[in-house]
2 protein chains.
Amino acid sequence: MQEITGEINSSYTPYGEFKNHIGEVVTVKGTIHNIRDMSDFAFIILRTARELIQCVYSPEFSDFRLSEDIVEQACAKVSAKVVQSQTRDGSERYELQIHNIELLSKPADIPPVVISKKQVVCDLNVLLDNRPVTLRNPKERAIFKIQEGIQRGFRDYLISKNFTEIHSPKINFAGAEGGTNVFKLDYFGKTVYLAQSPQLYKQALVPVYERVFEIAPVFRAEHHDTSRHLNEYISMDFEMGFIDGFEDIMNMETGALKYIMNLLKTEYAPEVELLKVDIPEITSIPTIKFKDAKALCVKKLKNITDMKDFEPEEEAFLGKWAKQQYNSDFLFVTHYLSKKRPFYTMDDPEDPEVTLSFDLLFRGIEITSGGQRIHDYNQQVEKMKKSGMNPEEFETYLMLHKYGAPPHGGLGLGLERLTMHLLGFKNVRYATMFPRDINRVTP
Amino acid sequence: MQEITGEINSSYTPYGEFKNHIGEVVTVKGTIHNIRDMSDFAFIILRTARELIQCVYSPEFSDFRLSEDIVEQACAKVSAKVVQSQTRDGSERYELQIHNIELLSKPADIPPVVISKKQVVCDLNVLLDNRPVTLRNPKERAIFKIQEGIQRGFRDYLISKNFTEIHSPKINFAGAEGGTNVFKLDYFGKTVYLAQSPQLYKQALVPVYERVFEIAPVFRAEHHDTSRHLNEYISMDFEMGFIDGFEDIMNMETGALKYIMNLLKTEYAPEVELLKVDIPEITSIPTIKFKDAKALCVKKLKNITDMKDFEPEEEAFLGKWAKQQYNSDFLFVTHYLSKKRPFYTMDDPEDPEVTLSFDLLFRGIEITSGGQRIHDYNQQVEKMKKSGMNPEEFETYLMLHKYGAPPHGGLGLGLERLTMHLLGFKNVRYATMFPRDINRVTP
């Protein structure tokens, strides 16, 4: 009988430990990413989980001959001597003089798209059609490593602030925020819906855990084929109770963003460098009321017709304004009009035309909507009726209010959209591993 | 202009800091969980995110009178003096002598189920119908705090082992593991499917990141109405490349389980104590081959007819056997029959009738299936054909193999099921916040 102890006895040496083995023979494993045959010697670039390792083949020290078996995308175990070299900028680098290669697997064909160059050069559709291959390119995979860092920072920060992680069901009996844009599903003869948002569940859990968050897919049946809409995306949501005001929510987000940016700079430094990510510096984030922001836009921009909301060009202008005025990449716009925010938003007691709500603009593009929610039962029922909703259809949701809820609020943040803007992409699909839109459900 | 700095200036004192404020007046916030009027004084139990705080009202030190406004489920801000007391077992405890109460919100009605007692006593359906309320009971909410700890431990351990967190799409163009039990969805005129498993995506990402994991919902159109099936559940999956054998996968899982149990004992101690969770001690986990385990069952149990798989009573027997023989709550059963495992499972080269696969039994119940996968293109195509599948329908999946993949394998672990067995429940619904089954999609 074999016992499993939990230890993996690996004899492999990761790149990070090369500096302790200079002049020694080590064993590494990886995928052959690129071969450059220089006639009397060859560079064999080994791709590992986060690095490219330069290996050198030469009859001088290699105990084998370069054969047709040694091809790009083959996986290999390499034993080699660690040699220290210098890059042009003077930083230390290690390369390997290969003694021997053991092939672990071989591809059956060469990739349909070149992935061994610095950049994958192809049309967006080709890039996406071939995701299982194109993601192997170091720059492509770095995008989603950065994305991992964003959500990890969000989560770690909230856990450190005593938030509880929840999982709300994605099969819902009713659309959380009204009936449009929801995917319908046959569920053993009943019609059910895919969750558009965890809104009603996260609110229900505020009286349970006080502070909750969820990072999970949401589904929107968007008919638009635009550069920023997805039909399935990852929503990072939180909701917190016992707030003293909706500033608490903005403060929590600001704290999370600071933490995320710092995490990226430290633990995701290789990817930040590879993609030349312009990480924003955050000390504090300025705020402006919707009506003041609108006045600014009207003063500076032409042809503004919609006085109740912003057009993308107005958000772009406000982004530039925040940068000039406050040297900030972020701007909170607060107190949006009541008729433009969802039924659960709390109106400002000092001016019921506006709400205790906010959007966060990042470099001129909205990345978050949030605000304080109504916690009083009668107030919520009344606002539903005013909006033409039938409170009886929301009986389960209203349990929250009926049986007591503290003052609370929260926000939602689209993971792909934040990744997109942080990396400066013009299309959210570049920041989505396997995008789903009106034309695409593959791969 | 107001600036948001990321700091929340809270004047509240959490329970954990009471010991530094003995004799002082502090401010706390919470929900009034229970009021016990003792005629000349009253106990007001305040529920915070993870504790119940005993507060005492008495005209002697309280600057207000108990009124009809002060009811259970009202939310309040309390200023009170910290007093140290002792519990029966001699441990330290703090209670608050209330000076004043400020009500932050009031319920509109009393809860339909009593939640202020130690246990919620009601039928399972009533418990679930009223989840937004019943979860407020400290024992009920503790279940899902433990569940949080399990997934957090799984994730933190894998991140420490250089796994990358992924999000695979839940809207799929084809069922990942065959066409039965999948939910179908109309997607702008096309038929698409809800993901049964992230299997094909996590494998596709092995050549990209080497090690990946995902914690996300999966959907199965189970027609069975049993105590252990759910139609939506949280699957904890990982997949790792460059393995030396499928033992690496079992070792990774064992390491993760050790880490999880330790995390529960430390950071989730209040909930472990409240629910009297019997946390298993793991030093190492024994293994037994399927055929040897079957032989044991045949020897000890009667009426075994299916020689290709286990009945629940056989797993229960094997669980007891592992406990007696090795004092282990866990048992890996390995080398299941090839015809009983999915098409991507690697056959044992020494005996192609069996596979390099395993199940993990926890106290006699299967909680994990895992194993090594086929990485060679021709081998995978051949096995698909043998299973009557058309490789052309799996073109995207086969990109993984065609363009080179390292030896790899992984596993899946149902979060609710593990929670259920750890807490000793007989029905998985007790360990599911908002269960979806053939009869239930609410709340």
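Residues numbered from 1 in each chain as written. Chains lettered and ligands numbered in written order. Predicted model: local features only at pLDDT ≥ 70, side-chain atom pairs only at ≥ 80, totals over all residues. Heavy atoms only, no water.

**Remarks on the overall build of chain A**
The condition that has to hold: The helix and strand labels rest on DSSP assignments: H or I over at least four residues marks a helix, E over at least two residues marks a strand, and numbering proceeds from the N terminus. Relative accessibility under 20% of the residue-type maximum defines a buried residue, over 50% an exposed one, and the middle range a partly exposed one, all with a 1.4 Å probe and only protein chains included. Any two residues whose heavy atoms approach within 4.5 Å are treated as being in contact. Per-residue and other accessible areas follow the Shrake-Rupley method at a 1.4 Å probe size, with only the shown protein chains counted as cover for residues. His is not counted here, nor are the chain ends, while Lys and Arg score as positive and Asp and Glu score as negative. The atom standing in for a charge is NZ when the residue is Lys, CZ when it is Arg, CG when it is Asp and CD when it is Glu.
Check the secondary structure of chain A and you find 12 helices and 19 strands. If one aligns the C-alpha atoms of chain A with their principal axes, the spans along those axes are about 85 × 60 × 40 Å. In chain A, buried positions account for 60% of the 443 residues. Taking the contacts inside chain A whose residues are at least 6 apart along the sequence as the reference set, 63% of them involve residues at least 24 apart. Approximately 18,600 Å² of chain A is accessible, and the part contributed by carbon and sulfur atoms is 46%. Once the 54 positive and 63 negative side-chain charges of chain A are each reduced to a mean point, those two points are 3 Å apart.

**Looking at the relation of the copies chain B and chain A**
Inclusion rule: When the copies are overlaid, the least-squares fit takes in C-alpha atoms only where the residue has pLDDT of at least 70 in both copies.
Once turned by 180 degrees and shifted 0.0 Å along the axis, chain B lies on chain A with an RMSD of 0.0 Å. What the rotation and shift describe, once combined, is the action of a two-fold rotation axis. Nearest to the rotation axis, the C-alpha of B:Leu185 is located 2.6 Å from it, this being the minimum over chain B. Looking at chain B, 100% of its interface residues are interface residues in chain A too, so the copies touch through the same face.

**Digging into unusual backbone geometry**
All names here are of chain A. That bond from Thr-442 to Pro-443 is cis: its omega, -10 degrees, falls within 30 degrees of zero. Along the chain, the position of Pro-443 falls in the segment after helix H12 (415-423). With a phi angle near 60 degrees, Asn-303 is a residue other than glycine that sits in the positive phi range. Note that Asn-303 resides in the loop between helix H8 (290-300) and helix H9 (312-326). Residue classification places Asn-303 among the exposed residues on the basis of a relative accessible area of 73%.

**Observations regarding the interface of chain B and chain A**
What counts, and what does not: We count a salt bridge whenever a side-chain nitrogen from Lys or Arg sits within 4 Å of a carboxyl oxygen from Asp or Glu. Within 3.5 Å is the distance limit for a polar contact, defined as a pair of N or O atoms, with the added protein rule that one can donate a hydrogen and the other accept it, and that residues adjacent in sequence qualify only through two side-chain atoms.
Contact residues are listed per partner, giving 120 residues for chain B and 120 residues for chain A. Put simply, chain B and chain A have four salt bridges between them. The salt bridge involving A:Lys29 is made with B:Glu210; its shortest N-O contact spans 3.6 Å. At the boundary of chain B and chain A, one finds 56 residue pairs in polar contact (both at pLDDT 80 or more).

**Quick word on the sheet that holds strand E3 (residues 42-47) of chain B**
All names here are of chain B. As a reminder of what qualifies: The pairing criterion for strands is at least two bridges between them, as found by DSSP. The axes are straight lines fitted to the C-alpha atoms, using for helices just the contacting stretch, and the angles between their N-to-C directions are given from 0 to 180°.
Sheet architecture is closed into a barrel: five strands sit in the order E2-E3-E4-E6-E5, paired in mixed fashion. Averaged over all pairs of adjacent strands, the angle between strand axes in this sheet comes to 55 degrees, irrespective of strand direction. In the sheet, E3 pairs with strand E4 (residues 52-57) via six bridges, with the strands oriented antiparallel. Bridge assignment links Arg-47 to a residue of E4, and that residue is Leu-52.

**A closer look at the packing of H8(A) against H9(A)**
All names here are of chain A. Convention followed: Note on terminology: angles under 35 degrees are roughly parallel, angles over 145 are roughly antiparallel, angles of 65 to 115 are roughly perpendicular, and the others are oblique. In this classification, Asp, Glu, Lys and Arg are treated as charged, Ala, Val, Leu, Ile, Met, Phe, Trp, Tyr, Cys and Pro as nonpolar, and every other residue, Gly included, as polar.
For the pair H8 and H9, interaxial distance at closest approach is 10 Å and the crossing angle is 100 degrees. The angle between H8 and H9 falls in the class roughly perpendicular. For the pair H8 and H9, contact is made by Ala-293, Lys-294, Leu-296, Cys-297 and Lys-300 and by Glu-314, Phe-317, Leu-318 and Trp-321, respectively. Classifying every residue of the contact of H8 with H9 by side-chain character gives six nonpolar, no polar and three charged.

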